[in-house]
Amino acid sequence: MKSYSFGSASPKSFRGYPRSEFDLESGTYKRPRKQKNSVFHPIKMLESLGNRLKYYYKLRPVLFFFISLSLGITILLILSFYESKFRLMSNYKKLDMSSDSYPFAKLRNLVMVAGHSVYTSSSCQKVDKEDSWFLESYQKHPGQAATFVRHIKEGVEVAFKDSDALLLFSGGETRKNAGPRSEAQSYWSVAESEEWFGKQESVRWRALTEEHARDSFENLLFSVCRFRELTGTYPHNITVVSYDFKEERFAHLHRSAIRFPEARFFYSGTPASPTSREAAVKGEALVRAQFQADPYGCLGSLRLKKLGRDPFHRTIPYPKGCPEIEGLFKYCGAAPYSGHLPWT
């Protein structure tokens, strides 16, 4: 029997039917479509998106306008938030880079003595006499000057007991007829004339001034910022020295306004003069009620009082030295400030 060769020895598959789809209607074979590789075309995509936006604009122009406006405002708010945050951090870095070290970097606690008057005498021998101080009408009581000296002495003694404390006398140039002299510098000068009540070597080198505060809330807030300027950080503990009847105002209202931890806030109060105490307590109740309604002293009578206590129109440098709490300086409202604070 003959064998027939079908070509080469290697077997090949028999293609009985072409590799294509048969169209019954036309009676022909269709060639298979080649799969196209998907290529990303950003320009075409943007053109398609633009056409769709035009279509929706023609379909609902008013709705499209409000949606676009809302989207634009949202983007601006987000950009503004991040821009302000970046600017704040940039200023903070510049502040840190501008100084290799802070003069009082090792001090951790703040002792603040709130000023109440300006010393006007050319002599430092009569610090406990009323005629050596510029007194408002409500302050003209026997023994009033001695209460100022007692505050100064108390602040020195509190700082003496805490070697990690920075002592700040706080108070601006609040009295026009007293001339451009600050309450803070007056208190420092009195302490100097009294040789720091026997504690000069320990306390004098770490006793400074904050010379812009115009009310009790600014005494606290500005001193915290001044502490940051001098130490590079914020106080771990705060002790306020003032009259005993003002404790509620400082330890509750002002402390709560800056949201400083209660466990790290201390108050050292000294008594008012016997002849002025009754009137002082009544006046304090009125001021306390004002701060309860206006915790940051930025509205109404409290604001007007601050303006009246700035007769020389001094420019307040804060919060330049404490950029982390810039928002607290700008805030004005009845509710507590809700932004981030370094001590919370």
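For every chain, the first residue of the written sequence is number 1, and numbering continues from 1 along that sequence. Local features in a predicted model are, by the rule used here, given only for residues with pLDDT of at least 70; side-chain atom pairs are given and counted only at 80 or more, and totals for whole chains, interfaces and linings are based on all residues. Calculation of side-chain values draws on the structure's entire complement of heavy atoms; hydrogens and water are dropped beforehand.

1. Observations concerning the nonpolar core
Of all hydrophobic cores here, the largest spans 40 residues; its most connected members are Ile325, Leu328 and Trp343. The helix and strand labels rest on DSSP assignments: H or I over at least four residues marks a helix, E over at least two residues marks a strand, and numbering proceeds from the N terminus. Mapped by element, the contributors of at least two residues to this core are β3 (109–114), β6 (165–170), α6 (216–231), β8 (238–243), α7 (247–257), β9 (265–270), α8 (277–293) and α10 (326–330). What makes two residues a contact is simply this: any of their non-hydrogen atoms within 4.5 Å. The residues contacting Leu328, other than those within four sequence positions of it, are Leu221, Ala257, Ile258, Tyr296, Tyr337, Leu341 and Trp343. Core analysis: the next-biggest nonpolar cluster, separate from the first, contains 29 residues, Val111, Ala159, Trp188 and Ala272 among them. The set of buried Ala, Val, Leu, Ile, Met, Phe, Trp, Tyr and Cys residues whose side-chain atoms join them within 4.5 Å is what this entry labels a nonpolar core. Partly exposed residues are those whose accessible area sits between 20% and 50% of the maximum for their type, while under 20% is buried and over 50% is exposed, using a 1.4 Å probe and protein chains only.

2. Quick notes on the state of the cysteines
Note on terminology: disulfide denotes any pair of cysteine sulfur atoms within 2.5 Å. The full count for this structure, using the stated rule, is 2 disulfides. With a sulfur-sulfur separation of 2.0 Å, Cys225 is cross-linked through a disulfide to Cys322. As the torsion about the S-S bond is roughly -100°, the Cys225-Cys322 disulfide counts as left-handed. Taken together, the positions of Cys225 in helix α6 and Cys322 in the loop between α9 (300–308) and α10 put the pair 97 residues apart, joining distant regions of the chain.

3. Some points on the packing of α8 against α9
Lines fitted to the C-alpha atoms define the axes, with helices restricted to the stretch that makes contact. Angles between their N-to-C directions range from 0 to 180 degrees. Following both chains from N to C, one finds α8 and α9 inclined at 110°, their axes separated by 8 Å at the closest point. With respect to α9, the element α8 is oriented roughly perpendicular. Mapping the contact onto sequence places Val287, Gln290 and Phe291 in α8 and Ser301, Leu302 and Lys305 in α9. Three residue categories are used. Nonpolar comprises Ala, Val, Leu, Ile, Met, Phe, Trp, Tyr, Cys and Pro, charged comprises Asp, Glu, Lys and Arg, and polar comprises the others, including Gly. Each residue belonging to the contact of α8 with α9 can be placed in one class, and the counts come to 3 nonpolar, 2 polar and 1 charged. Angles are sorted into four bins: roughly parallel if under 35 degrees, roughly antiparallel if over 145, roughly perpendicular if 65 to 115, and oblique for all others.

4. Re the pairing of β6
Counting buried residues in β6 gives 6 out of 6 residues, a clear majority hidden from the surface. Burial along β6 is two-sided: the face carrying Ala165, Leu167 and Phe169 and the face carrying Leu166, Leu168 and Ser170 are both buried. DSSP-based pairing: two strands are paired if at least 2 bridges between them are found. Two strands pair when backbone bridges link them, and β3 and β6 are joined in this way by 6 bridges, in the parallel orientation. Of the residues in β6, the one forming a bridge with Val111 is Leu167. Sheet topology places β6 next to strand β7 (residues 207–210); 4 bridges connect them, and they run parallel. Bridge pairing in β7 links Ser170 to Glu210.

5. As for the pattern of salt bridges
One speaks of a salt bridge when a side-chain nitrogen belonging to Lys or Arg is within 4 Å of a carboxyl oxygen belonging to Asp or Glu. Within this structure, the stated rule accounts for 14 salt bridges. The partner of Glu183 in a salt bridge is Arg175, and the shortest N-O contact between them spans 3.7 Å. Residue Glu183 is classed as buried on the basis of its relative accessible area of 5%. The class for Arg175 is buried, based on a relative accessible area of 5%. Of the charged contacts in the structure, one is a salt bridge between Glu284 and Arg288, with a shortest N-O distance of 3.8 Å. You can see Glu284 and its partner Arg288 sitting in helix α8, 4 residues apart, about one turn around the helix. The exposure class of Glu284 is buried, given its relative accessible area of 3%. Salt bridges sharing partners connect three or more residues here, namely Glu136, Arg175 and Glu183.

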